Structure formats: C-alpha cells, structure tokens
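# Tertiary structure, described
Residue strings, one per chain:
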Amino acid sequence: MSIPRTVFAYHGCDEAAAERILLGEKFKRSENTYDWLGSGVYFWEYGPNRALRWAENQKRRGKIKNPAVVGAIIGIHRCFDLLDTRYTTDLGLGFELWRSILEEQGTEPPENTGPEKRLRRRDCALINWYLTRLEGKGNGYDTVRGAFLEGTPAFPGSEILRESHVQIAVRNPACIIGVFRPRMDEP
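Each residue is numbered by its place in its chain's sequence as written, counting from 1. Given that this is a predicted model, residues contribute local features only at a pLDDT of at least 70 and side-chain atom pairs are listed and counted only at 80 or more, while totals for whole chains, interfaces and linings are drawn from all residues. Note that water and hydrogens are dropped before the side-chain values are worked out from all heavy atoms of the structure.

Assigned secondary structure in the protein chain consists of four helices and nine strands. Secondary structure of the protein chain in N-to-C order comes out as β-α-β-α-β-β-α-β-β-α-β-β-β. The globule rule used here is 2.2 Å times the number of residues to the 0.38 power, and the radius of gyration it is set against is calculated over C-alpha atoms. For 187 residues, the compact-globule formula gives about 16 Å, and the C-alpha radius of gyration of the protein chain, at 17 Å, lands near that figure. Each principal axis of the C-alpha atoms in the protein chain carries an extent, and together these give about 55 × 40 × 30 Å. Throughout, a residue-residue contact means that at least one pair of heavy atoms, one from each residue, lies within 4.5 Å. Nonlocal contacts in the protein chain, meaning residues at least 24 apart in sequence, comprise 73% of its contacts between residues at least 6 apart. Here the Shrake-Rupley method, with its probe set to 1.4 Å, supplies the accessible areas, and only the displayed protein chains count as covering residues. Only carbon and sulfur atoms are counted for the fraction: they give 54% of the accessible area of the protein chain, which is about 10,800 Å². For the purposes of this entry, the term helix denotes a DSSP run of H or I that reaches at least four residues, the term strand denotes a run of E that reaches at least two, and both are numbered from the N terminus.

Here the axes come from fitting lines to C-alpha atoms, over the contacting stretch only for helices, and the angles between their N-to-C directions go from 0 to 180 degrees. Close contact between helix α3 (residues 85-104) and helix α4 (residues 121-136) brings their axes to 10 Å; oriented N to C, the two are set at 95°. The angle between α3 and α4 falls in the class roughly perpendicular. Within the contact between the two elements, α3 uses Asp90, Leu91, Gly94, Phe95, Leu97, Trp98 and Ile101 and α4 uses Arg122, Ala125, Leu126, Ile127, Trp129, Tyr130 and Arg133. When residues are sorted by character, Ala, Val, Leu, Ile, Met, Phe, Trp, Tyr, Cys and Pro go into the nonpolar class, Asp, Glu, Lys and Arg into the charged class, and all the rest, Gly among them, into the polar class. Class assignment for the residues of the contact of α3 with α4 results in 10 nonpolar, one polar and three charged. Here the angle decides the label: under 35 degrees means roughly parallel, over 145 means roughly antiparallel, 65 to 115 means roughly perpendicular, and every other value means oblique.

Think of it in three bands: with a 1.4 Å probe and only protein chains considered, a residue is buried below 20% of the maximum accessible area for its type, exposed above 50%, and partly exposed in between. Burial runs high along strand β3 (residues 67-76): eight of the 10 residues are buried. Strands qualify as paired when DSSP identifies two bridges or more between them. Alignment of strand β1 (residues 5-14) against β3, held across 10 bridges, turns out to be antiparallel. By the bridge assignment, glycine 12 is partnered in β3 with valine 69.

Below, the discussion takes up the layout of surface pockets. What the largest pocket holds in volume is close to 1,400 Å³. Lining of the largest pocket is provided by 40 residues; of these, Asn32, Tyr34, Trp54, Gln58 and Arg61 occupy positions nearest its centre. Breaking the lining of the largest pocket down by element, the ones donating at least two residues are β1, α1 (15-22), β2 (41-45), α2 (48-60) and β8 (165-170). Tallying contributions element by element places α2 first for the lining of the largest pocket, with seven residues. The residue inventory of the lining of the largest pocket, partitioned by class, reads 13 nonpolar, nine polar and 18 charged. Within this scheme a cavity is a closed region of a 1 Å grid, computed over the protein atoms alone, that accommodates a 1.4 Å probe without allowing it to escape, whereas a pocket is open but has protein on both sides within 12 Å along at least five of seven lines; lining residues each have an atom within 4 Å of a point. Grid points are joined across faces, edges and corners, and a volume is the space filled by probe spheres set on the points.

Let's shift gears to the sheet that holds β8. The strand order across the open sheet built from seven strands is β4-β7-β8-β2-β1-β3-β9, with neighbouring strands paired in mixed fashion. With one partner strand each, in any of the chains shown, β4 (79-81) and β9 (176-180) form the two edges of the open sheet. Strand-to-strand, the axes of this sheet are offset by a mean angle of 30°, without reference to chain direction. Strands β1, β2, β3 and β8 of the sheet are contacted by α2, whose axis makes an angle of about 135° with β3.

Take α1 next. Here α1 has its buried residues at Ala17, Ala18 and Ile21. Along the long axis of α1, the arc covered by the buried residues comes to 100°, so they all point the same way. Buried-residue contacts for α1 involve β1, β3 and β9. Here α1 starts with a cap whose side-chain oxygen sits 3.1 Å from the backbone nitrogen of alanine 16, and that cap is aspartate 14. Within two residues after α1, glycine 24 carries a phi angle of roughly 120°, on the positive side. Our arc is simply the arc of the directions from the helix axis toward the C-beta atoms. Any pair of N or O atoms that falls within 3.5 Å is considered a polar contact. Within protein, one atom must be able to donate a hydrogen and the other to accept it, and sequence-neighbouring residues count only if both atoms are side-chain atoms.

Put simply, two rings from Phe, Tyr or Trp (the six-membered ring, in Trp's case) pair if the centres are within 6.5 Å, and we call them stacked under 30 degrees between planes, edge-to-face over 60, tilted for the rest. Here the structure, examined in full by the defined rule, presents 11 aromatic pairs. Consider the rings of tryptophan 36 and phenylalanine 148, whose centres lie 4.4 Å apart with planes at 70°: the pair is edge-to-face. In this pair, tryptophan 36 sits in the loop between α1 and β2 while phenylalanine 148 sits in strand β7 (residues 143-148), placing the two residues 112 residues apart along the sequence. Residue classification places tryptophan 36 among the buried positions, given a relative accessible area of 14%. A residue is classified by how much of its surface remains accessible, and phenylalanine 148, at 10% relative accessible area, is buried. Here tryptophan 44 and tryptophan 54 contribute two aromatic rings whose centre-to-centre distance is 5.9 Å and whose plane-to-plane angle is 45°, an arrangement assigned as tilted. With tryptophan 44 in strand β2 and tryptophan 54 in helix α2, this residue pair connects regions lying 10 residues apart in the sequence. When the NZ atom of lysine or the CZ atom of arginine is within 6 Å of a ring's centre and also within 35 degrees of its normal, the charge is said to sit over that ring. One residue, arginine 120, lies across the ring of tryptophan 36, its end atom 4.0 Å from the ring centre.

Rendered as structure tokens:
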C-alpha cells in the first residue's frame, strides 16, 4: 500500500531547459546506467537549494551553461518508496532472483563504483529490472523515492551530512501536476 500524497520537488537543469519546461515542454527522462533510483525524471523533494547545487556542479563539469531550478508539484500515489522497509525488503528479495537469473546467463551484476560509489549501476539495473518485472504482472509504480546520505559533516563530529536529501524519480510523467519558478532567495 502506497500512501497518496502531493509533494513539492525541484529539478536542477540549465536555464534554457528550465524556460522550455516552464513554457510546457516535458522534462527529459534520465536513462543513465548509474541513476540512483533507476530511469525517470529526477527531483529533490523539498530541496530547491540542493537542486541548484547539483546544477552548479554540472556547470563545473561543463554539462550545462547556466544553472537553474524548476519546481514541480508531484502526485505521489503508486510509489516504490525506499524509505519504507516493505519496499527495501522486496527489493532485497528481488535481488536474489535477479542474481540467480544473471548467473544462469553467465553474467555478473554490475557494480556500484566511483567516489563514494556514486555511480549506482547495480542499484539502477536492479530497480529497472524489478519494476519492469512488476509492471509485467500489472503492479507498476509511477515513482521511486529514496534517501541518500551524502557530503561532508555539517559540523565537527557530526553524522549529519551537508548534501543529504530525499530524491524522487518520476517514471510516469502524468504524476507531474504542475511546474513553477521557485524563489531562490532563501539560504
């Protein structure tokens, strides 16, 4: 059972893309093999400043010219919510089946790699496989939601990390109820 709710979420992108989205263009779905929550349009739940920091990092990497943020109102109804132990337990069981299928095929599951294992190839591949399998049985999910502890400590000796966030991958664009230009004047 997924609890229906509506959230405000934020998407970091280039200013030109933000303008097009605000004028009605659809968000571009991410299909990277390392996406943390599988395929979808990525948002930071209640995190406009985190979305902007992500876009600024993309500028430093030469991926975008002018960092911007688009706000969205998202209907979270059929959500594979990794903040609920039911879904993490199901995903763990799914991993065992997926791994046995891969072994039968003579294939190894991909690994999460990179600094702090930020390239989540295993997580992405499993989530995409698992949710596609569920869709085939008539049990699809429109969104995936997860929490990520990330960054440096907020203060000496702290376990609170500066870049921690809740992220949502929207698999079904119909869940995006509306978009808006957020005020970014708050710290």
